[in-house]
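The lines below spell out each chain.
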Amino acid sequence: MKVLKFGGSSVATADRIKRVKAIVLDTLKNEDKVVVVVSALSGVTDMLLNTARAAKNGEESYREQVDELYYRHRQTAEQLLSPEGMKTFLPFLKEKNRNLENLFNGIFLLKELSPRLLDYVASYGELVSSYIIAMHFKQTIPEATHIDSRTVIRTDDNFMMANVDFEQTNTNIQTQMGGDKGLYVMGGFIASTANEVTTTLGRGGSDYTAAIVAAGLDADELEIWTDVDGVKTSDPRKVKETFSLPEMTYEEAMEMSHFGAKVIHPPTIQPALNKLIPLRIRNTFNPTFPGTLITETTSDDIPVKGVTSIGKITLISVQGSGMIGVTGIAGRLFSALARNKVNIILITQASSEHSITFAIRPTDKTKAINAVNEEFTNEMKLNIIDELEVEDGLSVVAVIGSKMKNTIGVSGNFFQALARNGVNIRAIAQGSSELNISAVINQENETKSLNALHEAFFLSGRKTVNLFIVGTGLISSTLVQQIHQQAAYLKDKLSLEVRLVGLTNTRRMLIDTDGIELDKWEDSLNTNGEIADLAAFIEKMQSLNLSNSIFVDCTASETPIGYYERILKSSISISTPNKIANSSSQADYQKLQFLAKKYKVKFLYETNVGAGLPVISTLTDLLQSGDEVLKIEAVLSGSLSFIFNTFKGDLKFSDIVKEAKERGYTEPDPRDDLSGKDVARKVLILSREIGQSIEMKDIDIENILPQACLDAQTIDDFFAALVANDDFFAQKRDAAAASGKVLRFLATIEPSGASVALKAVDASDPFYGLSGSDNMIVFTTARYKERPLVVKGPGAGAEVTAAGVFAEIIAISNYLS
């Protein structure tokens, strides 16, 4: 036989009760006896208690609420019962409502509301709902019988959380439901004393009723029907990619409940556990789904069954030299807390015995502080126990699984997942049974931690990174396109999902935690975005506090740079082709490097120097492997590379610069390129990467433009001046050609200093054969002295720059793994 319990959401309306009936009928096909335990209609119990409090406070609105309760139940019954059935039901409902109204009138007049009265008020919901449902069943299932739970479940008079008299209760169960066949319908949550005074079983009472009855009848299985598909791996309101567990043990279920799982409540499964009765959690709205089976043991080898949390806790630490080696300190501490009814969530103690730390609900904080201070008054006066250290604004996160103790690496994965996401741990606890690993963290990191841990333990190596991109220009749009085109490969081969969560430009901004569609980002930004505000965009990114977040600055603006420090301090990695941050002051450069290390995130900027070329990464590998950089020579500008590689024969310099501008190689004002300042910024970054302390003023930059070109007021005036000086550049080219040389705009970095200059190089020089807009970087090192290491390829263009940023996103995701 089976016991089926249906919660308030399952019986909220007539249509849902019809759904419950279909489930019961299906169960009766395979079972001779079924007991159905039901809660009050959804929201009714809260309404009853609120109405009672309103009456106590002298609010006459309670009368309207009593009428509302009557009509809700009447309307529900009218949709479920035949006219004949309503003739039987209405006198019952009117009697219950009259008793309830008289009770509320008394509360209103006396302004008194005892726990005993509250229990009687609360019982109305289950009494009426179970009667309606039993009558509805009886119309098609003649053997259906309504049982008043108060005649079955016997308790003491500890109102609002009564203790069950199991001996008498089990006798009553056998007397009223002990036959071999039948369908019984009863309300959960409610009971009575030996004197027939109504009581309730407290939180989770309806589940508890079902478990008590299942144990009393030695049921084959207890099914708890809710509105979710069994027990989830984590809270789906906080973790998007949860899934239902097919099975778990009683211990795991109880532990999950302790840490906040809402599907079950620990007392619920205790009677079933005592009798080893299987418990199954199922979904009324998805009845074909098998749900989660809870038994003594499971057949799987999954070490972690759940990632869960307790959202708000207070941490109290008792410490002092007078605790070391003193017998009974812990006993006194926890006895004092118990006497004051302070529930302890978590305990941890240093092996030195110098301190004991425990976590409690914030509502118990004052009681706990007073209890401990009173217990250790003398020790505190003698300064051998310190003043209590109290911390608020914390949460507990935990991983739970009965088979963790047989699995190597669970603790390592737990702490690594939190560390990679910048989550600081305030306290740690793990029982000797190794059923859970718990950590106390800042409350603001609760959701991030749950997602990081869930990803680490349940997604089989899969990882999701959350991108926040600033800038929607050519590089950014190309990057998004590349991510979209490569999405299937990333998912299949790298188990990686790159989710675009935030996007902003100077006009509009959009944040969507479900992810902005990569092929529709422009329409989404324009249609769903709001007015751009970079400060608000950054603040929202920080407040979301998503795990595995990456900030991508695809602008050439100084504005985002001012937020880099805040972003790194929020444990968010940065990838950027924007050179401004690293080419500002040495102090600012070093600060960003320091913050990235301190907060264990990545600050990557490979594309600062060579677009998609592996320049900085190659240099880093050389240095980290112990090589010594003696000299770096480089062509670091795609536009200048094109201009001087093309400046041959009779071609005019001004015509080549115009062509470079038309191709998009130069800045809108080509003087920004020809001045050498952009190259100097890249030289500055490379110099700092090899350990030099250097500022922009320390770089020797050759000016190759005549003064008339520099003084031109407009771009048209600049080109006019450039045409007038074509002979100036032709003379330089011809002089070089006469010696078998070509002109190259070269950057040089040596221990003695750095320079940017136009040089003539011969055929023996590696830069001689450079063509198109290619960049080339030549590293002369202690290991690569005779034959320098050369990195060569396209040094400009949206495709290669975006590809470089894309590669950094993947690198950061690997770091976060």
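Above this note sits the structure.
No experiment lies behind these values; they were computed from the predicted model shown.

Caption draft 1: Broad picture of helix 27 (residues 715-724). Those residues of helix 27 that fall on the buried side of the exposure criterion are Phe 718, Phe 719, Ala 721 and Leu 722. Each buried residue of helix 27 lies within a common arc of 160 degrees when the element is viewed along its axis, so the set occupies one face. Exposed side chains of helix 27 directed beyond 90 degrees from the buried face belong to Asp 716 and Ala 724. For helix 27, the secondary structure elements touched by its buried residues are helix 23 (653-662), helix 24 (671-674), helix 26 (707-711) and helix 28 (726-738).

Caption draft 2: Fine view of the nonpolar core. The biggest cluster of nonpolar side chains holds 73 residues, and the ones touching the most others in it are Phe 551, Ile 643 and Phe 644. The element contributing the most residues to this core is helix 25 (residues 677-689), with 6 residues. With residues up to four places along the chain from it excluded, the contact list for Phe 644 reads Phe 653, Ile 704, Leu 743, Arg 744, Phe 745 and Leu 758. With 57 residues, the next largest nonpolar core counts Phe 89, Phe 108, Val 121 and Tyr 131 among its residues.

Caption draft 3: Quick look at the pattern of salt bridges. Taken as a whole and judged by the stated rule, the model has 37 salt bridges. One salt bridge in this structure joins Lys 5 and Asp 207, with 2.8 Å as the shortest N-O distance. You can see Lys 5 sitting in strand 1 (residues 2-6) and its partner Asp 207 sitting in helix 7 (residues 205-216), a full 202 residues away along the chain. Glu 633 serves as the salt-bridge partner of Lys 631, at 3.6 Å between the closest nitrogen and oxygen. Among the ionic contacts, a cluster of salt bridges with common partners joins Lys 2, Glu 221, Glu 223, Arg 280 and Arg 282.

Caption draft 4: Inspection of helix 22 (residues 638-646) at higher detail. Helix 22 sits mainly inside the fold: 8 of its 9 residues count as buried. Taken as a whole, helix 22 has its buried residues at Gly 638, Ser 639, Leu 640, Ser 641, Phe 642, Ile 643, Phe 644 and Asn 645.

Caption draft 5: Representation of unusual backbone geometry in the model. Positive phi, normally seen in glycine, also occurs at Phe 189, with a value near 80 degrees. Relative to the helices and strands, Phe 189 resides in the loop between strand 4 (182-187) and strand 5 (190-192). Judged by its relative accessible area of 13%, Phe 189 falls in the buried class.

Conventions and cut-offs
- Residues numbered from 1 in each chain as written.
- Predicted model: local features only at pLDDT ≥ 70, side-chain atom pairs only at ≥ 80, totals over all residues.
- Heavy atoms only, no water.
- Buried < 20%, exposed > 50% of the residue type's maximum accessible area, 1.4 Å probe, protein only.
- Helix = DSSP H or I, 4+ residues; strand = E, 2+ residues; numbered from the N terminus.
- Arc of directions from axis to C-beta.
- Contact = heavy atoms within 4.5 Å.
- Core = buried A, V, L, I, M, F, W, Y, C linked by side-chain atoms within 4.5 Å.
- Salt bridge = Lys/Arg side-chain N within 4 Å of Asp/Glu carboxyl O.

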